[in-house]
Each structure stands twice: as C-alpha cells, then as structure tokens.
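Remarks on the overall topology
Chain by chain, the residues run as shown.
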Amino acid sequence: AQKVTQAQTEISVVEKEDVTLDCVYETRDTTYYLFWYKQPPSGELVFLIRRNSFDEQNEISGRYSWNFQKSTSSFNFTITASQVVDSAVYFCALSKSNTGNQFYFGTGTSLTVIP
Amino acid sequence: GAGVSQSPSNKVTEKGKDVELRCDPISGHTALYWYRQSLGQGLEFLIYFQGNSAPDKSGLPSDRFSAERTGGSVSTLTIQRTQQEDSAVYLCASSLGWAMNTEAFFGQGTRLTVV
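Residues numbered from 1 in each chain as written. Chains lettered and ligands numbered in written order. Predicted model: local features only at pLDDT ≥ 70, side-chain atom pairs only at ≥ 80, totals over all residues. Heavy atoms only, no water.

Attention now goes to the environment of Tyr104 of chain A. Residues and elements named next belong to chain A. With respect to the helices and strands, Tyr104 occurs in strand S11 (residues 103–105). In this structure, the C-alpha to C-alpha distance between Tyr104 and Phe75, residues 29 residues apart in sequence, is 14 Å. With residues up to four places along the chain from it excluded, the contact list for Tyr104 reads Gln2, Val4, Cys92, Ala93, Leu94 and Lys96. (Helix = DSSP H or I, 4+ residues; strand = E, 2+ residues; numbered from the N terminus. Contact = heavy atoms within 4.5 Å.)

This paragraph deals with the pattern of salt bridges. For the structure on display, the rule yields 8 salt bridges over all chains. Measuring nitrogen to oxygen at the nearest pair gives 2.4 Å for the salt bridge that ties Arg50 of chain A to Glu103 of chain B. One end of the pair, Arg50 of chain A, is in strand S6 (residues 46–52); the other, Glu103 of chain B, is in the loop between strand S8 (88–95) and strand S9 (105–106), on a second chain. The partner of Asp55 of chain A in a salt bridge is Arg51 of chain A, and the shortest N-O contact between them spans 2.7 Å. One connected set of salt bridges, linked through shared partners, spans Arg51, Asp55 and Glu59 of chain A. (Salt bridge = Lys/Arg side-chain N within 4 Å of Asp/Glu carboxyl O.)

See below:
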C-alpha cells in the first residue's frame, strides 16, 4: 500500500528563519515519483517539484531545497530565509508506477511565517 | 483556458438536494482527477479519468457520488441527496498523461456547504 506521512501538522517560524518540512513515504514499487505542492490561502495547489525514485540527487531552487533519501524513505523540503509569502499549507505526494492513476497525498503541513 | 477552471467557486445547498460541480481541465490534458479536502484535512482521492479508459472510481465514498467526463474534456461531479458530511472543498486537477511522470495542475476548487 502507498502512504505519505507528514508528521508536522503546523509549524510557525519567524521571518528569515530556515524551516524543514518532513515527508516520509511508503511504497512497494521500485519506480515512483514524489511531489511537493504549495496551497496558499487562495486554495489552488501549486506544483513545486517532482522527483523520480531513481534520482536521489538533492535539488536547490532559490530558497527552496529538497533532500531525497531512499534509505529512510524521506523527501524533506527546506525553505531557507523564510518569508511571509511562504505561509501556506504544503503537501507531499507520491505517485505510483503501475497504473499511475492517482496521487497519494500527505495530510499537509501548515506553515506560518511571522513577520 | 490557461489553467484548470472549476465552477461554481462556492455552493450552499440544503441537505437532501443534488449538486453538480464542474471542471474544465487544461486543453490537451488527458488525465483528470477529483479530490475532496475537508476542513483541516488532506486531499482525499475520489475519481480519475484517463483518456478513453474506464475511470478509476475507487475513491468515491458512496453511491451518491458519480462523475462523468464528456468528450474527454469537461467533467461533472454529481452528489445526490447531499449530507452535511459532504461539506468540503472539491478540487479538480488535470495532467498531460500518467500521473507518475507529469505533475497535476489544480483548480481553485468548489467550496460546498450543506446546511
């Protein structure tokens, strides 16, 4: 069975602090994709990153970075020097390989950046 | 249109009434998903359409829920005899192909309130 766990329900940080959002997944597939989405107060989920199971190279995009470790089944997301505009709910998701017909989402982490 | 469009954005209905929620996916996207997001909860998969294949209805919570996709484009989610527990934000997403290797683009959702 596929499962995505985001243990942190809510996080508050002060502006300019770094923050890491945790994501742990479960799957028996050898081929899968992991995603992070941002859901700002407007409600629309915004795609942030996609990573396939064969690519464990960490990725950095501006203030965002992702640490994918298959050994611990984790795909953590770090925001460096957080800003108020980063306040949102962040979802981690897993897409399986055999049918590719759905995403498995975590329950989300609500991030509040305090000015 | 440029993105996934959902209508109405808000719907208030009386318990027992039927409702129809509409989703216009991004042009050319063959995959379409419906998810439900209850207050403070993650995304619950409802149904998935991929091209002309039979839809994956495994996430529909009861036989009061149904969905169709006409002409491989617009989709309608119908909830019959609505109940208060149906109150949630219903999110539609579309993607170019199999979810495994393409990100999904989400609409802003329809907020359904059953009173």
